[in-house]
Each structure stands twice: as C-alpha cells, then as structure tokens.
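# Remarks on the overall topology
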Amino acid sequence: MKYLTDKTVDYHRLVTLFNQVGWKDKTEDMSRLQAMVENSQIVVTDWDEKIMVGFARCTTDYVFNGQVNNVVVDVNYRGRGIGKALVNSILESNKQVTFILRGDIENEGFYKALGFEDSPLSLVYKRKK
C-alpha cells in the first residue's frame, strides 16, 4: 500500500468508491467532483499498486480549523487499517488545527476510536433542492 498526499486521484475509481457508499449525488457531475478535490487543501489517497483503494480530504485554514470529509475505502479493502491511516494522515498534518468531521452516523464508533468526540459547537445549514 502506498499513501499519497499530492492530490493524485483516479477519478473513475473515486466515482466507484463514492457509489459504493451511496454518495451518488457527488458523482453525477464529474466537473463538480474534480473541483471538490482541487479545492480541498489536503487530499490523501491509498493505492494498491495502480488501483486507488482509499480516499479522504480536508478543507482547512492551516491555523485554527479543518473539516475532514469523504473518508472512503473500497469494500474489498476494509478492515485493514486504511481508513485509520487516511484520517491520521490528515490529523497529523498540523498539530495546531482543531478538526471537525462530516461523516455518516453509522461510522461514529470508527471516528470516536480515532479520538473524535461529540461536540455541541456544530450547526448545519442544509441547502434546499
């Protein structure tokens, strides 16, 4: 396994990974998907030879705040510590930043095991369709 932090992304594989977890809303428009990656300050991918098997990203000011998003691992590679390594790569990128996480509730135990805690400080404004 090889982890990259230089925004090297196989977009066809990213579509597959996102679709595996039901994020089809993010894969319908390739230009938006590519802009999402390019506008993220931290992008971490995991590769098994030439196959991208994991992805995570973060938007951050590199000083105070960062938001971890879209942590995903191919279903055939789960349980090998890839998700943990992706998230830890982001968390270790800056020791002064407080990171928040946007993730699916069914993964709450995974993120709490990595040190994330419940916080009363977060509100969400959801776009109307």
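The coordinates are above.
Here goes a summary of the coordinates provided. (Residues numbered from 1 in each chain as written. Predicted model: local features only at pLDDT ≥ 70, side-chain atom pairs only at ≥ 80, totals over all residues. Heavy atoms only, no water.)

## Section: the overall build of the protein chain
Counting its regular elements, the protein chain contains 4 helices and 5 strands. Counting helices and strands in the order they occur from the N terminus, the protein chain gives β-α-α-β-β-β-α-β-α. At 14 Å, the protein chain has a C-alpha radius of gyration in line with the 14 Å of a compact globule built from 129 residues. Each of the three principal axes of the protein chain carries a C-alpha extent, and together these read 40 × 35 × 30 Å. The buried share of the protein chain, reckoned over its 129 residues, is 38%. When the accessible surface of the protein chain is totalled, it reaches about 8,500 Å², and 50% of it is carbon and sulfur. (Helix = DSSP H or I, 4+ residues; strand = E, 2+ residues; numbered from the N terminus. Rg over C-alpha atoms; globule rule 2.2 N^0.38 Å. Buried < 20%, exposed > 50% of the residue type's maximum accessible area, 1.4 Å probe, protein only. Areas by Shrake-Rupley, 256 points an atom, 1.4 Å probe, with all protein chains shown as cover.)

## Observations regarding helix H3 (residues 82–91)
Where H3 is concerned, the buried positions are Ile82, Gly83, Leu86, Val87, Ile90 and Leu91. The inward-facing, buried residues of H3 abut strand E1 (2–4), strand E2 (42–48), strand E3 (51–60), strand E4 (65–73), strand E5 (98–101) and helix H4 (108–113). (Contact = heavy atoms within 4.5 Å.)

## With respect to the sheet that holds E2
The strand order across the open sheet formed by 5 strands is E1-E2-E3-E4-E5, and the pairing between neighbours is mixed. The outermost strands of the open sheet, each flanked by one partner alone, are E1 and E5. Here the average twist between neighbouring strands, direction ignored, is 25°. Sheet topology note: the E3/E4 ladder contains 6 bridges and is antiparallel. Across the sheet, Thr59 pairs through a bridge with Gln67, a residue of E4. Running over the sheet, H3 touches E1, E2, E3, E4 and E5 and is turned about 30° from E3. (Pairing = 2+ DSSP bridges. Axes fitted to C-alpha atoms, helices over the stretch in contact; angles between N-to-C directions.)

## Thoughts on helix H1 (residues 11–20)
One turn of an α-helix holds 3.6 residues; hence residues three or four places apart share an orientation. Residues of H1 that are buried include every one of Tyr11, Arg13, Leu14, Val15, Leu17 and Phe18, and no others. Summarising the contacts, the buried residues of H1 are in contact with helix H2 (30–38), E3 and E4. Taking the backbone nitrogen of His12 as reference, a side-chain oxygen 3.1 Å away marks Asp10 as the first, capping residue of H1. (Polar contact = N/O pair within 3.5 Å; in protein donor to acceptor, adjacent residues only side chain to side chain.)

## With respect to the nonpolar core
Within the largest apolar cluster, 19 residues are counted, with the highest numbers of intra-cluster contacts made by Val87, Ile90, Phe99 and Phe116. Contributing elements (two or more residues each) for this core: E2, E3, E4 and H3. Looking at which element gives the most residues to this core, the answer is H3, with 5 residues. Excluding its chain neighbours within four sequence positions, the residues that come into contact with Ile90 are Ile42, Val44, Ala56, Arg57, Cys58, Val68 and Phe99. (Core = buried A, V, L, I, M, F, W, Y, C linked by side-chain atoms within 4.5 Å.)

## What to know about the pairing of E4
In terms of residue burial, E4 counts as a mostly covered element, since 7 of its 9 residues are buried. For E4 and E5, the ladder comprises 4 bridges, and the chain directions are parallel. Counted as the bridge partner of Asn65 is Thr98 from E5. The parallel pair E4 and E5, bridged by H3, forms a crossover whose chirality is right-handed. (Right-handed = clockwise from strand over helix to strand, strands pointing away.)

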